[in-house]
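Each chain is listed here by its residues.
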Amino acid sequence: MQITSPTFKANAHEALHDAQLQRALGNVRSGFIGKRAKAVDALPEFEELRDNAKTIKDHVLEHLDIYLEAYEKKVEDAGGKVHWAESAAEARGIILDICRMNNARTVTKGKSMLTEEIELNDFLEASGIQPIETDLGEYIIQLRGEHPSHIIAPAVHLNKDQVESDFRRVHTDFPKDRDLTEPEQLLSEARQVLRQKYFDADVGITGANFLIAETGTSIIVTNEGNGDLTQTLPRVHIVLASIEKVVPTLDDAAQILRVLARSATGQEMSVYTTLSTGPKRASDPDGPDEYHVILLDNGRSSMLGTEFQDALRCIRCGACMNHCPVYHAVGGHAYGWVYPGPIGAVLTPSLVGVDKAGHLPNASTFCGRCEAVCPMRIPLPKMMRHWREKEFERGLNPAVARYGLKFWLWFAKRPRLYRLTTYLAMPVMGLFGGRKRRYRFLPFAGGWVRHRDLPAPEGRTFMQQWRDRDTLKQDAHA
Amino acid sequence: MTQAASPAPRVGLFVTCLVDLFRPSVGFAAVKLMEDAGCVVDAPAAQTCCGQPAYNSGDRDDTRAIAEATIEAFEEFDYVVAPSGSCAGMLKKHYPGLFKGDEAWEARARTFSDKVHELISFLTDVLGVTQVPAKAAGKVTYHDSCSGLRELGIHDQPRKLVASVKGLKLTEMADADVCCGFGGTFCVKYGEISNAIVEEKAANIAGSGADMLLASDLGCLMNMAGKLKRQGSNIEVRHVAEVLAGMTDQPPIGGK
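Residues numbered from 1 in each chain as written. Chains lettered and ligands numbered in written order. Predicted model: local features only at pLDDT ≥ 70, side-chain atom pairs only at ≥ 80, totals over all residues.

This paragraph deals with the overall build of chain B. The number of helices and strands found in chain B is 13 helices and eight strands. Computed over its C-alpha atoms, the radius of gyration of chain B comes to 18 Å, within 12% of the 18 Å expected for a compact globule of 256 residues. Expressed along its principal axes, the backbone C-alpha trace of chain B runs to roughly 55 × 50 × 25 Å. Relative to its full complement of 256 residues, chain B shows a buried share of 61%. In chain B, the share of contacts with a sequence separation of at least 24, taken over all contacts with a separation of at least 6, comes to 76%. (Helix = DSSP H or I, 4+ residues; strand = E, 2+ residues; numbered from the N terminus. Rg over C-alpha atoms; globule rule 2.2 N^0.38 Å. Buried ≥ 20, exposed ≤ 12 C-beta atoms within 10 Å, placed from the backbone. Contact = placed C-beta atoms within 7 Å.)

Right, let's get into the overall build of chain A. Of the regular secondary structure elements, chain A holds 24 helices and 12 strands. Reported as C-alpha extents along the three principal axes, the dimensions of chain A are approximately 100 × 60 × 45 Å. Across chain A, contacts joining residues at least 24 apart in sequence account for 74% of those joining residues at least 6 apart.

Across the boundary between the two partners, chain A contributes 51 residues, which contact 58 residues of chain B. When the residues that make up the side of chain A that touches chain B are grouped by side-chain class, the tally is 26 nonpolar, 11 polar and 14 charged. (Nonpolar A, V, L, I, M, F, W, Y, C, P; charged D, E, K, R; others polar.)

Glancing now at the confidence of the model for chain B. Model confidence for chain B is summarised by a mean pLDDT of 96, while 98% of its residues fall at 70 or above. The complex model carries a pTM of 0.96, and its ipTM stands at 0.96. (pLDDT = per-residue confidence, 0-100.)

We now examine the sheet that holds strand β3 (residues 130-133) of chain A. Residue and element names in this part refer to chain A. Strands sit in the order β1-β10-β7-β4-β2-β3 across an open sheet of six strands; the sheet is parallel. At either margin of the open sheet sits one strand with a lone partner, and together these are β1 (81-85) and β3. Strand-to-strand twist across the sheet, computed as the mean angle between neighbouring axes with direction ignored, equals 25 degrees. The pairing of β1 with strand β10 (residues 290-296) spans five bridges and is classified as parallel. (Pairing = 2+ DSSP bridges. Axes fitted to C-alpha atoms, helices over the stretch in contact; angles between N-to-C directions.)

Residues and elements named next belong to chain A. The buried count for strand β6 (residues 217-222) comes to six of six residues, which makes it a mostly enclosed element. Here β6 shows no split at all, with Thr217, Ile219 and Val221 on one side and Ser218, Ile220 and Thr222 on the other all buried. With three bridges joining them, strand β5 (residues 210-212) and β6 adopt antiparallel strand pairing. Paired with phenylalanine 210 across the two strands is isoleucine 219, which belongs to β6. Between β5 and β6, which pair antiparallel one after the other, the connecting turn spans four residues, and glycine 216 there sits at a positive phi close to 75 degrees. Of the strand pairs in this sheet, β6 and strand β9 (residues 272-276) are connected by five bridges, and their pairing is antiparallel. In the strand pairing of β9, isoleucine 219 is matched with leucine 275.

What follows concerns the packing of helix α4 (residues 60-74) of chain B against helix α6 (residues 103-114) of chain B. All names here are of chain B. At a minimum axis distance of 10 Å, the contact between α4 and α6 shows a crossing angle of 60 degrees. Here α4 lies oblique to α6, going by the angle between them. With respect to the hand of their crossing, α4 and α6 are arranged in left-handed fashion. Note on element contacts: α6 touches α4 through Arg108, Ala109 and Phe112, opposite Ala67, Ile71 and Phe74. (Parallel < 35°, antiparallel > 145°, perpendicular 65-115°, else oblique. Left-handed = near helix turned anticlockwise from the far one by under 90°.)

Moving on to the domain arrangement of chain B. Examined at the domain level, chain B breaks down into domain 1 (10-124) and domain 2 (131-244). Every contact between the two is made by 27 residues of domain 1 of chain B and, on the other side, 22 residues of domain 2 of chain B. (Domains from an automatic or database assignment.)

All names here are of chain B. Taking 1.5 Å of rise per residue, the 13 residues of helix α12 (residues 218-230) would be expected to cover 18 Å, and the 18 Å separating its terminal C-alpha atoms lies within 8% of that figure. Counting buried positions along α12 yields 13 of 13 residues, so the element is predominantly enclosed. Just beyond α12, the residue with positive phi is glycine 232, at close to 80 degrees. (Expected span 1.5 Å × (residues − 1).)

Looking now at the environment of Gly368(A). Secondary-structure assignment places Gly368(A) in the loop between α18 (359-362) and α19 (369-373). Considering only alpha carbons, one finds Gly368(A) and Pro381(A), 13 residues apart in sequence, at a separation of 6.4 Å. Ignoring anything within four residues of it in the chain, the contact list for Gly368(A) reads Pro381(A), Cys146(B), Arg150(B) and Glu151(B).

Before going further, it helps to examine the domain arrangement of chain A. Parsing chain A into structural domains produces domain 1 (31-298), domain 2 (303-393) and domain 3 (400-477). Summarising the inter-unit geometry, the C-alpha centres of domain 1 of chain A and domain 3 of chain A are found 56 Å apart.

Notably, Arg316(A) is not glycine yet its phi reads approximately 60 degrees, a positive angle. If you trace the backbone, Arg316(A) turns up in the loop between β10 and α14 (319-322).

Turning our attention to the sheet that holds β5(A). Residue and element names in this part refer to chain A. Spatial strand order, β8-β5-β6-β9: four strands in an open sheet with mixed pairing. The two strands at the open ends of the sheet, each matched to only one other strand, are β8 (246-247) and β9. With two bridges connecting them, β5 and β8 associate as parallel partners. Within the sheet, the bridge partner assigned to isoleucine 212 lies in β8 and is valine 247.

A few words on helix α20 (residues 380-393) of chain A. Residue and element names in this part refer to chain A. Taking 1.5 Å as the rise per residue, α20 with 14 residues should run 20 Å; its terminal C-alpha atoms sit 20 Å apart, in good agreement. Three or more residues of α20 are buried, namely Leu380, Pro381, Met383, Met384, Arg385, Trp387, Arg388, Glu391 and Phe392. Looking one or two places after α20, you find glycine 395, whose phi comes out positive at around 65 degrees.

Residues and elements named next belong to chain A. Residue alternation in strand β4 (residues 203-206) divides its side chains into two sets, Val203 and Ile205 and Gly204 and Thr206, and both sets are buried. Sheet topology note: the strand β2 (residues 106-109)/β4 ladder contains three bridges and is parallel. Residue lysine 109 lies in a different strand from β4, and its bridge partner there is isoleucine 205. Sheet analysis places β4 next to strand β7 (residues 236-242), joined by four bridges and oriented parallel.

Residues and elements named next belong to chain A. At a minimum axis distance of 9 Å, the contact between helix α16 (residues 341-352) and α20 shows a crossing angle of 35 degrees. Pair α16 / α20 crosses with left-handed handedness. For the pair α16 and α20, contact is made by Pro342, Ile343, Ala345, Val346 and Pro349 and by Leu380, Met383, Met384 and Trp387, respectively. Of the residues that constitute the contact of α16 with α20, the class distribution is nine nonpolar, no polar and no charged.

Residues and elements named next belong to chain A. Along the polypeptide, glycine 278 turns up in the loop between β9 and β10. Taking the C-alpha atoms as reference, glycine 278 lies 7.6 Å from threonine 217; in sequence the two are 61 residues apart. Setting aside residues up to four positions removed in sequence, glycine 278 forms contacts with Val75, Ala78, Gly79, Gly80, Gly216 and Tyr291.

Position of Lys93(B) relative to the elements: it lies in helix α5 (residues 85-98). As for Lys93(B) and Cys180(B), which are separated by 87 residues in sequence, their C-alpha atoms are 22 Å apart.

Right under this line is the structure:
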């Protein structure tokens, strides 16, 4: 997809003035947060589970090569095939080869952010293969030619009435006067449309929430069961997973699952937790004939051993964006690439370059709410600050900000001069505050006074008055 | 034999640049609260800013230079106290990390950061203050500033002391723990987004029915006061220390 992160400010401006979007974003604020809080409160050991989850992933990231190779061996023991892909292009090529070898015309897809990352849908269409999204949210945005605005709720930027009009536009086989006012009616219609497509598809592609090294199993969690139909009905199942998804054992996955759904939607577990290991065995009643796993790096291994390694613990629950005031204000599309919100502000510079995604780690108040809710305890603000350091080192931040900061620091590092200047300046500034004790306009403070008044200083600085008090005290003692 | 009274704790007030320049009365309120609780307070002249603007802009070298100067300026004190969760968080949580790999300075920074406290939690958690003799009138609401809340765990302490002020009724706003959109340089670099966030906050403040807004960080207070005043609100905005110290002679932040 076209990266629009460089125009983040313009994207945000547009988002803030998009009434439909603003209406839809209200759902993020009101829905996810309360549900998560309730689920967390109901589980006394939640904090301990977070620690365990973090420890598991940290261990994996220190020994990633060992676990990936162990996983590969188990997949092949089960009759599957593992493909290693370094880049998005390589992963797309492998998928296309598998599709061509099977004369695939349509491909059903479970929800997968990684297929967004490699821009799979556009690529398949250009190659004459029809991809069909089966997650309801993904299906809706595919109809609209959009990209997900949230990693677990791809269509969260839309309102129900918008979906209704899309369905009326596209589903022309249904009676025109049908009632689509209730979400259940929309769901039922999508289900009817999708049902036959599962049977018609030649290949099913899913992502993976976990890869299990000890068994060669891949696990997906869904709430709609679409993942199961995508991976069991077609003749070929392709799992596309990034390398950091591997965990040593089923027990490890079970531990992390206990924090995943609670953090994401406030459910104890997602409705479906689906395990798949290799193709159909002789004794299995159903399942695919071919089972492929594509292990994609796409820049992740370059984060290992750096200050950004911790971000690879991410299990894509979306809690960080659900709790982010900036995400609440502008929504996911403004971030301009696949992963929005705080995790996007860390991953995007890592995966597409900080020269393109430099705004994202800066567009944060560092309120720390993301880190406070992250089930994997990823220090998101700290990592955004690391990106700011990289930008500062490379002189990528805007000149105005750089010189403004330098000007301030020049004084801050010279206490005597700082005192003298502020002794002189603040009383004058105080006077200009007038009777109202605030400014509506002020030169060089446009960024502030455009939106809010600036409270005026009281007058003489604290340190000036403190010195007077000290002098008075000393005089009294003399 | 008479037992010597334990000497009064010597507190270095890190006044913070915003309080120093914009609202000295918060500094004097802090001094009064600590002196009333038996401390000897001084404000060393060598202090300027905690360095957070540089730190959060990615400028490690300048941050470290400022941190060294600040640590040196406060080395003689038993405690270092700031009337701000954000600056106290910087001094306490972030200074030691600036010196990674430099053992001598890292140790100095740790000794320093162990002594650092945010004002209100210092009063309650270290000095054991449970109430203040101040009086006021009206309904107040309290905004939790992010650094104080999430870096230092300050939530109940200010509420407890505010509840002890005679004549004051605390009424909670919705989402008191959600950011006000200030974020240091964020509020000018991403002014439009900051505005959307503070508009939400202002609506919650107004919705609480309070006639006074309190918080413990001047940056957040100036942001929220600026928005409320631009909207024509009559809600008075003050640093919580002013009310706790009974020092409300100054006009509120941003005026009436």
